[in-house]
Amino acid sequence: MKKFLLNIFIFTFLSLILGEVIVRANRLNQEVPQRTVDNNGIQKFIPNQKGYWATGEHSWQVNKLGWSGELPQNYDNLVSIIGDSYIANFMNPVECHQNIFLKKQLPEYNFVEAGRPGVTFIEAVEISQNLTPLKPNYHIIYARNNDFIESIQEVRNYSDRTQISLERAKIIPGQLKYAQAKKILYNWKLAFYFFNRLATPAAENKESEINSKAQKKFKHLAKVEKLLELTSDRYDISNIILTLHPDTAPAIVKKAQEVGFKTILLEKKEENWSFEHDNHWTCYGHERVSVQVGTGFKKAFNSVN
Amino acid sequence: MFFNSIDFAIFLPVVFCLYWFCFNKSLKIQNLLLLAASYLFYGWWDWRFLSLIVFSSCVDFFIGIKLAESTKDYQRKLLLSASIIVNLGFLGFFKYFNFFVDSFTQAFTLLGTSTVDPILLNIVLPVGISFYTFQTLSYSIDVYKGKLEPTKDIIAFFAFVSFFPQLVAGPIERATNLLPQFYRRRTFNYAQSVDGMRQILWGLFKKMVIADNCAFYANDIFANHSNYSGSTLLVGAFLFTLQIYGDFSGYSDVAIGTSRLFSFELMQNFAFPYFSRDVAEFWRRWHISLSTWFRDYLYIPLGGSKGNTWMKVRNTFIIFVVSGFWHGANWTFIIWGALNALYFLPLLLLKRNRSNLQVVAQGKYLPSLKEFFSILITFTLTVFAWIFFRAESVTQAVSYVNGIFSLSLFSIPEVFPIKVLSLIGIFTLIEWLGREQKYAIEDIKKVFPKPIRWAFYYLIIVAIFSFTGQEQEFIYFQF
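Being a predicted model, the structure only gives us computed values, none of them experimental.

## Some details on the interface of chain B and chain A
Phase 1 of the analysis: Every contact between the two is made by 18 residues of chain B and, on the other side, 16 residues of chain A.
Phase 2 of the analysis: Taken together, the two surfaces of chain B and chain A that pack against each other cover about 1500 Å², and 83% of this comes from carbon and sulfur.
Phase 3 of the analysis: Summed over the three residues of chain B that lose the most area to chain A, namely B:Y190, B:W454 and B:Y458, the buried surface amounts to 38% of that side.
Phase 4 of the analysis: Our count for the chain B to chain A interface comes out at 0 salt bridges.
Phase 5 of the analysis: There are 4 residue pairs in polar contact (both at pLDDT 80 or more) connecting chain B and chain A.
Phase 6 of the analysis: For the side of chain B that touches chain A, the secondary-structure elements that each account for two or more residues are α1 (6-22), α8 (190-223) and α18 (450-467) of chain B.
Phase 7 of the analysis: Along the lines of polarity and charge, the residues of the side of chain B that touches chain A split into 15 nonpolar, 2 polar and 1 charged.

Dropping the structure here:
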């Protein structure tokens, strides 16, 4: 038995090394940037990191401000683009980011992105307030049903995301969760490869299921309405334009407009915005979205100007 | 729980460790652990159907004891009949109820009674029911015939019926082989366990690389056969032929290998059937546990190959048609069985059904030209029969065959997966080289030193991760 177990151990150990070499050599995983929390309690990426997306088709870079996406040539007439993984957009090359496409739509403006997977609606608003040193004139916040629900601590408690407690009317900043464990997982490429293959698809399916359910029957509407009211009372939202995913519950759109948000409800006229096994937008999807956002932005703010 | 799942990858080492490190002091407790593990393994799909296994095990256990106690012939016959009725009753209800109702309805409609309104039930087929039913039946029949002493060890018997490696897709073990292994004290055997691991690895390769990749194309071609040329349909039938072999023999390899980790020896279920030189040899090498079950419990009691020509023809048709029907409640399986009977009959009548008992080209690298063409003809006949096995209905099968035998048979196939065909080529070569063993890579330990063996295992693992097809269920789970 000892010999058998020893052989199994050695074989497994060598398998792990071989697997690690294969996964690294073939770049079967994407590299994941490390995060940090800044002085304002905003969770962003450690600046100036570089890495590649799965299969190494393209690489990504975190800029000096701690966000993905290129920085503009100058910061005049600046518009920030804030959102979750759709805006962080590591799955597409840098030329497929919203800031590049929107610059083509609205050449008179400059764009800076502030995207990070898992950003909630309230966190996006918080980020918009904390980009003040850059003095953006406007903020475009991308959001979905889940981003509103996940903003409310009483509905779902996510300690790693910034949330709001509606009962206490208090912002609870997100904290880095299992940072060391994540660091090990992301650096142990073989383990991360299995984690991605086994854990992520289920999570994605669950997410899309939640989205479609949420649109059919929006359970937490009263709380989301309160969230929107509190946000409008607490922050200056006059220069924020909410860009809402096509499946956003109509009641949320209506309430957001009532409390003073300018909104763009994306219309999905074609089915091929997303990757085959991933809900995120492809380069084509981003380009189509930017056309709608550009038009909506002009409507919303040119009339103001 | 599938063998090719993460659940099983966790389940197996846990049971292995408990079996050898925690419960190795007592045989009874080891058997109890195997029983609990087997029920967990089965209950992973649907725990409700565990009641069927428990009930079936109870019936045969007590009938076995009663058979030993009774001396009167009619009592013994009555007890055996009870076992057969209960076991085949379950099988008939869950597997064939709707088929019979539907077939009777169609028959009545053909006779002009158009008002028959069939009562079809929404029955879920319990996984592996055909396998464990035959296993328990073999126990009662063997006890009745006096080939086996009935057991009084209820835990051993229940563990024998539900032994997880072979519970849902065989090999269908005989009580005479497997049950005594639950009585004897088992000690860890290094060589046996290493061999078991090797067989598991080879089985996973067959299933995940060969079968699942073939399935991807075969499923598409069969589903859209009317849109494809004859040559593509031929490719589809060929790929299904490899799929079903990789799938089922792969499962058997994992089952046998897993059993060996627990110091159990199961019977060989496949012996390189596609290298057979005639159909009789094919049936000695394909799904051996089922073929021999039917031979011993149906064919021989019917008279076997003894008697006049009519009896031989009758018995051959019965065994092949029943074997086809065992696979599923569909006329396609019955036709598949009948087709094989037609292939087999000439050999039987000309007394050439036992002319190829040895492995082809024994001790040689290459077959003779005659052997090569014999293999090719047998393989072609088998591919043709598999079309009926795979088709959803007889109409689809006929349409598929018509599609093959059209002018487009000579066109370039629209589907010609080079990668999959290359993998099949490598796989066939390895199988050919290892055809004199129980499974293709069994003798690697005798031929190559450890570093080369391990490098080969790593290649297989890399192939599994690099070329694994979209996960497909094991085909034989539905039977």
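Once the structure has been displayed, the description carries forward.
## A few points about helix α4 (residues 121-129) of chain A
Phase 1 of the analysis: Within α4(A), 8 of the 9 residues are buried, leaving the element largely enclosed by the surrounding structure.
Phase 2 of the analysis: Regarding α4(A), the residues found buried are A:F121, A:I122, A:E123, A:A124, A:V125, A:E126, A:I127 and A:S128.

## A few points about the domain arrangement of chain B
Residue and element names in this part refer to chain B.
Phase 1 of the analysis: For chain B, the domain assignment lists domain 1 (6-187) and domain 2 (191-277 + 356-478).
Phase 2 of the analysis: Relative to domain 2, the C-alpha centre of domain 1 lies at a distance of 29 Å.
Phase 3 of the analysis: Contacts between the two partners involve 29 residues from domain 1, matched on the other side by 18 residues from domain 2.
Phase 4 of the analysis: Carbon and sulfur atoms supply 70% of the area that domain 1 and domain 2 bury against each other, a total of about 1900 Å² over both sides.
Phase 5 of the analysis: Contact with domain 2 buries area across many residues of domain 1, yet P165, A169 and P171 alone supply 26% of it, more than any other trio.
Phase 6 of the analysis: For the pair domain 1 and domain 2, the interface holds 0 salt bridges.
Phase 7 of the analysis: Along the contact surface separating domain 1 from domain 2 lie 5 residue pairs in polar contact (both at pLDDT 80 or more).
Phase 8 of the analysis: Of all the secondary-structure elements, those providing two or more residues to the side of domain 1 that touches domain 2 are α1, α2 (27-46) and α7 (175-183).

Reading the values: the criteria
- Residues numbered from 1 in each chain as written.
- Chains lettered and ligands numbered in written order.
- Predicted model: local features only at pLDDT ≥ 70, side-chain atom pairs only at ≥ 80, totals over all residues.
- Heavy atoms only, no water.
- Contact = heavy atoms within 4.5 Å.
- Buried area = accessible area lost by both parts, 1.4 Å probe.
- Salt bridge = Lys/Arg side-chain N within 4 Å of Asp/Glu carboxyl O.
- Polar contact = N/O pair within 3.5 Å; in protein donor to acceptor, adjacent residues only side chain to side chain.
- Helix = DSSP H or I, 4+ residues; strand = E, 2+ residues; numbered from the N terminus.
- Nonpolar A, V, L, I, M, F, W, Y, C, P; charged D, E, K, R; others polar.
- Buried < 20%, exposed > 50% of the residue type's maximum accessible area, 1.4 Å probe, protein only.
- Domains from an automatic or database assignment.

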